[in-house]
Amino acid sequence: MAFVILIVVLFVAAVAAGAFVGVRVRSRRARGDLEGTPPGEKAPPTRPPPPAPEPAPEPAGEALGEGPLPVGEAPSLRSRLGKARNLLSGYVGGVLARGTIDASTWDDLEEALLGVDVGVATTDVLLAELRGLVKAERIKDPARLTDVLKERLVDEMRFDDRSLHFEPGVPNVWLFVGVNGVGKTTTIGKIARRQVADERRTVVMAAGDTFRAAAADQLELWAQRVDAEIVRGAEGGDPSAVVFDAVQRAAARGRDLVLADTAGRLHTRINLMEELKKIRRVADRPPAKVSETLLVIDATTGQNGLAQARQFADAAGVTGVVLTKLDGTARGGIVVAIQRDLGLPVKLVGIGEGPEDLIPFDPEEFVEALFS
Amino acid sequence: MFDALSDRFEGIFSRLRSRGSLSSAVVDEALAEIRVALLDADVNIKVVRAFVERVRERCVGADLARSISPGQQVVKIVAEEMTAILGGTPLKIAYASRPPTVVLLAGLQGSGKTTTAAKLARWFRQQGRNPLLVAADLQRPAAVEQLRVLGSQAGVSVVSASDLLERPDPPAPDDPVGTSRAALAEARRLGRDVVIVDTAGRLAIDAEMMDQVRRIAEVSAPDYTFLVIDAMTGQDAVATAEAFHAVLELDGVILTKLDGDARGGAALSVKEVLGRPIAFASTGERLDDFDAFHPDRMADRILGMGDVLSLIEKAEREMDADVTAKAATRLQEGRFTLEDFLEQMQQVRKMGSFSGMLSLLPGVPKEVRDAQIDDRDISRVEAVIRSMTLDERRNPAIIDGSRRSRIAAGSGVETSDVNKLLQQFREMQRMMRGFGAARRSARKGKKGKKGGRVTAPSLPDFSGMLK
């Protein structure tokens, strides 16, 4: 019986899978559940119907404090990391304690890099270069070796410009994208606070996560706290329409900045990536301009982070990365490869739950923290 | 799921199998590749090292040179070790003798606890239980609201602080410990036999929050405490799991977001380091994309052997056996019509999403597995067939140009799409006919494969399928 079933399932799956490829290309499903769907835009494939509003909650603990938020000094990465760090110091400490450079030195360094999610490919390249250097420059001192390694890592992540771009004159749209549960909504809240309080910009939030249950509520709480406006749509509605409405509102009222939230989506879901493309297209039309598309990545992410970055960059034209949750034990070593291989600069780092805890990325500090 | 890892192993193993004799250098080479594959899959580095060592030792001890197929031997050793890591038998829920059975979910922010809580509740309902969801994540804005929405989809009621004000011991609105305690009493009053407590996400190094979850565990005395882990987690998975285990004494792990291309090495690592099983796995956004985790099947799957058992189990649950058996006979005899196809497709659809199913099948080429099959695309295929007359369904050969345009217009596709479907159908029909014949003759030959492990029957080659 089992075998019989298998044959039938296979057959059906095979025909359906084979046939749909052609069919899918031209499938267009109009949705436009929201008024104000921009004219001339076909609704892109959205999630299949019985969508159990899903996934992965955005990070918790957005400090439930009420009332106006104090604008304080940004904390430093190091001050936050002190308590979490001790695992790796073991390897590097071992390297330093040995006094000479031998085979176990290289093993320790390899293990140290792999252990912080730098990844096999990047680690191999870095260590091969390092071996060459050690030979060429006759480096004998392990301390010098770890210094050179740190320099190399910093070099791999060198970018001149990590600022958040803003072009005065038109409403700027900053789009936030990423997989489920990385902290997009929280990141928007923190950025909005800085933009409103420090940069004196007027902010409209677009609750473009129409998929996850209560996501818009979460963003609305942030909007109230940081004194930003918010545009919401119906749950399950077309996110592009929400972004479109937010842009229209910003243009009509002369607001500076639209911070557009999107639903978390796995980068392997082609239809959802298409949806993202459309959101970006809609946002990037006059009167507004998309001046940043920020990919939010969770520091606990392993090697899959590279695939995420690649797919999101393809679909949404990512201009920078926000690395969140770096205040745990995770080191976020995958951003070495993301910056090195994909040329996407990390612009901001999330190091805590408070509204202040989003700071500019500093490669030197980051590398120090990797090995501290 | 573990596809990328499987792909790598398939490559390594096909090279190993093709060698008649294995020198130790070849084994070393294979082990080095296995090491890289596992590291790329985010398996913890310490676990990788121990794994590779164990395989190496066994390879040396196995006297490969005298084995008839040394490559096969190595494959077998790797498979066994992998199964050993993932855990022998699946976790079986033992319900408390004095209900309710309490399940506590904990984890980092964004790992998917709230969604998992709803999926788990649905799963318990399917097991004939009567669960209650407790929203004890009072930290994240709107988390309670999210659980309420999901709970209503799962048909399970949700209680949180605001629902418990009538009780003699009403909890403060921001007190998850009090909420859990009161909710548990409420569950007893309501006669619920399973209680699932969703807690706020927290970092393992946040002493205050870890103390809070410890107190929640104290007052709710969970029968099962599960750590919810994102399949995309890197090397940190082990550190996190150890930290939570130290505070909560975990009974197992629930792995989420396995439907992406993350290789899920966290699963292997956590099992190896904690010695606690992976109890459930979540493989999609739908509430029913969730099931008990079967370690042995997962090992097969990592090794590129597909997870046929899970599929068959699902099929037997959902499909009408008689209809399917008849269809299969017709299929093998080449009398399978589009009508049968439509009927079977509806049966198969009951089993869940197509892409999920494809990932369980062995020998399905990567392009097909990676292709996104939206259930609405499947509906489109259905629409095309439904736009045909009965005669056309029984005898597709009569479909000429004019009939084709009519069908296309009727189902809202291009004529080329109709062609494509017909062609695909013909091709698969031809393939299946040959397959049926081959199998009948094979059955007369050797019987009974080497014992124990259920291997996939040799399946037709689908590599030409997409052309």
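Look up a bit, the structure's there.
Rules used throughout
- Residues take numbers from 1 onward in each chain, read along the sequence in its written order.
- Both sets of labels track the order of writing: A upward for chains, 1 upward for ligands.
- In keeping with the model being predicted, local features are shown solely for residues with a pLDDT of at least 70 and side-chain atom pairs are shown and tallied solely at 80 or more, while totals for entire chains, interfaces and linings include all residues.
- Processing note: side-chain calculations cover all non-hydrogen atoms of the structure and skip hydrogens and water entirely.
- Each helix corresponds to a stretch of at least 4 residues labelled H or I by DSSP, and each strand to a stretch of at least 2 residues labelled E; elements are numbered beginning at the N terminus.
- Classification of residues uses two cut-offs on accessible area relative to the type maximum, computed with a 1.4 Å probe and protein chains only: under 20% is buried, over 50% is exposed, and between them is partly exposed.
- Note on contacts: a residue pair qualifies if any of its non-hydrogen atoms lie within 4.5 Å across the two residues.
- In this description, accessible areas are obtained by the Shrake-Rupley approach with a 1.4 Å probe, and a residue is regarded as covered only by the protein chains that are shown.
- Here a strand pair is declared whenever DSSP counts at least two bridges between the two strands.
- All axes here are fitted lines through C-alpha atoms, helices being fitted over the stretch that makes contact, and every angle between N-to-C directions spans 0 to 180 degrees.
- Here, a salt bridge means any Lys or Arg side-chain nitrogen found within 4 Å of an Asp or Glu carboxyl oxygen.
- Here the expected span of a helix is defined as 1.5 Å times the quantity of residues minus one.
- When the strands point away from the viewer and the path from the first strand over the helix to the second turns clockwise, the crossover is right-handed.
- Nonpolar cores are built from buried Ala, Val, Leu, Ile, Met, Phe, Trp, Tyr and Cys residues. Side-chain atoms within 4.5 Å join them into one set.

Participant: Teacher, can you tell me more about the overall build of chain A here?
Facilitator: Along the backbone of chain A there are 13 helices and eight strands. For chain A, the proportion of its 372 residues judged to be buried stands at 63%. Taking all contacts inside chain A whose residues are at least 6 apart in sequence as the whole, residues at least 24 apart take part in 78%. Taken as a whole, chain A presents about 12800 Å² of accessible surface, with 51% of it coming from carbon and sulfur.

Participant: Before we go on, may I ask you to explain the sheet that holds strand E2 (residues 131-136) of chain B in this structure?
Facilitator: For sheets, the rule is that strands pair by backbone hydrogen bonds, running either parallel or antiparallel. All names here are of chain B. Ordered by their spatial adjacency, eight strands build an open sheet running E3-E2-E4-E1-E5-E6-E7-E8, and the pairing between neighbours is mixed. Looking at which strands have only one partner, the edges of the open sheet turn out to be strand E3 (158-159) and strand E8 (290-292). Sheet analysis places strand E6 (residues 252-256) next to strand E7 (residues 278-282), joined by three bridges and oriented parallel. By the bridge assignment for E7, Val253 is matched with Ile278. Lying over the sheet, helix H5 (residues 113-126) contacts strand E1 (101-107), E2, strand E4 (194-199), strand E5 (224-230), E6, E7 and E8, oriented at roughly 170 degrees with respect to E4. Its contacts with the sheet put helix H7 (residues 176-190) on E1, E2, E3 and E4, and the angle it makes with E2 is roughly 165 degrees.

Participant: I tried to follow the pairing of E1(B) on my own but got confused; where do I start?
Facilitator: When a strand is regular, its side chains alternate between the sheet's two faces. Residue and element names in this part refer to chain B. With seven of seven residues buried, E1 lies mostly within the body of the structure. With burial as the criterion, each face of E1 is covered, one bearing Thr101, Val103, Leu105 and Gly107 and the other bearing Val102, Leu104 and Ala106. Sheet topology note: the E1/E4 ladder contains five bridges and is parallel. Counted as the bridge partner of Leu104 is Val197 from E4.

Participant: Teacher, can you tell me more about the pattern of salt bridges here?
Facilitator: Any two side chains of opposite charge can pair, on the condition that their charged atoms come close. Under the counting rule described, the total for this entry stands at 45 salt bridges over all chains. The residue A:Asp198 makes a salt bridge to A:Arg194 at a minimum N-O spacing of 2.2 Å. A salt bridge links B:Asp211 to B:Arg214; its shortest N-O distance comes to 2.5 Å. With a gap of three residues between them, B:Asp211 and B:Arg214 both fall in helix H8 (residues 207-220), about one helical turn apart. We classify B:Asp211 as partly exposed; its relative accessible area is 29%. For B:Arg214, a relative accessible area of 30% puts it in the partly exposed group.

Participant: Help me out: how do you make sense of the sheet that holds strand E3 (residues 229-231) of chain A in this one?
Facilitator: Residue and element names in this part refer to chain A. If you walk across this open sheet you meet the eight strands as E3-E2-E4-E1-E5-E6-E7-E8, and the pairing is mixed. On the outer flanks of this sheet lie E3 and strand E8 (358-360), each paired with one strand and no other. The average undirected angle you get between the axes of adjacent strands in this sheet is 25 degrees. Packed on one face of the sheet, helix H7 (residues 184-197) meets strand E1 (172-177), strand E2 (203-206), strand E4 (257-260), strand E5 (289-298), strand E6 (320-324), strand E7 (346-350) and E8 and runs near 150 degrees to E1.

Participant: Hey, could you run me through helix H6 (residues 143-154) of chain B in this one?
Facilitator: Residues that lie three or four places apart on an α-helix share one face, since the helix turns once every 3.6 residues. Over its 12 residues, H6(B) runs 16 Å from end to end, which matches the ideal 16 Å to within 8%, given 1.5 Å per residue. Against H5, E2, E3 and E4 of chain B lie the buried residues of H6(B).

Participant: Looking at this structure, I do not really get the environment of A:Val242. What am I missing?
Facilitator: You can see A:Val242 is positioned in helix H9 (residues 239-253). Sequence separation of A:Val242 and A:Ile279 is 37 residues, and the distance between their C-alpha atoms is 9.2 Å.

Participant: What am I meant to see in the pairing of E6(B) here?
Facilitator: Residue and element names in this part refer to chain B. Burial of E6 is extensive: five of the five residues sit out of reach of the surface. Burial along E6 is two-sided: Gly252, Ile254 and Thr256 facing one way and Val253 and Leu255 facing the other are all buried. Pairing analysis gives five bridges linking E5 to E6, with the strands arranged parallel. Within the sheet, the bridge partner assigned to Leu227 lies in E6 and is Val253. Note on the crossover from E5 through helix H9 (residues 236-248) to E6: the handedness is right-handed.

Participant: Looking at this structure, how should I read the nonpolar core?
Facilitator: In a soluble, globular protein the nonpolar side chains are often hidden away together inside. A:Leu153, A:Met205, A:Leu259, A:Phe366 and A:Phe371 are the most contacted members of the largest nonpolar core, which has 94 residues in total. Setting aside residues no more than four positions away along its own chain, A:Leu153 makes contact with A:Leu113, A:Leu126, A:Val336, A:Val367, A:Leu370 and A:Phe371. Grouped together as the second largest cluster of nonpolar side chains are 62 residues, B:Ile45, B:Ala182, B:Leu203 and B:Leu258 included.

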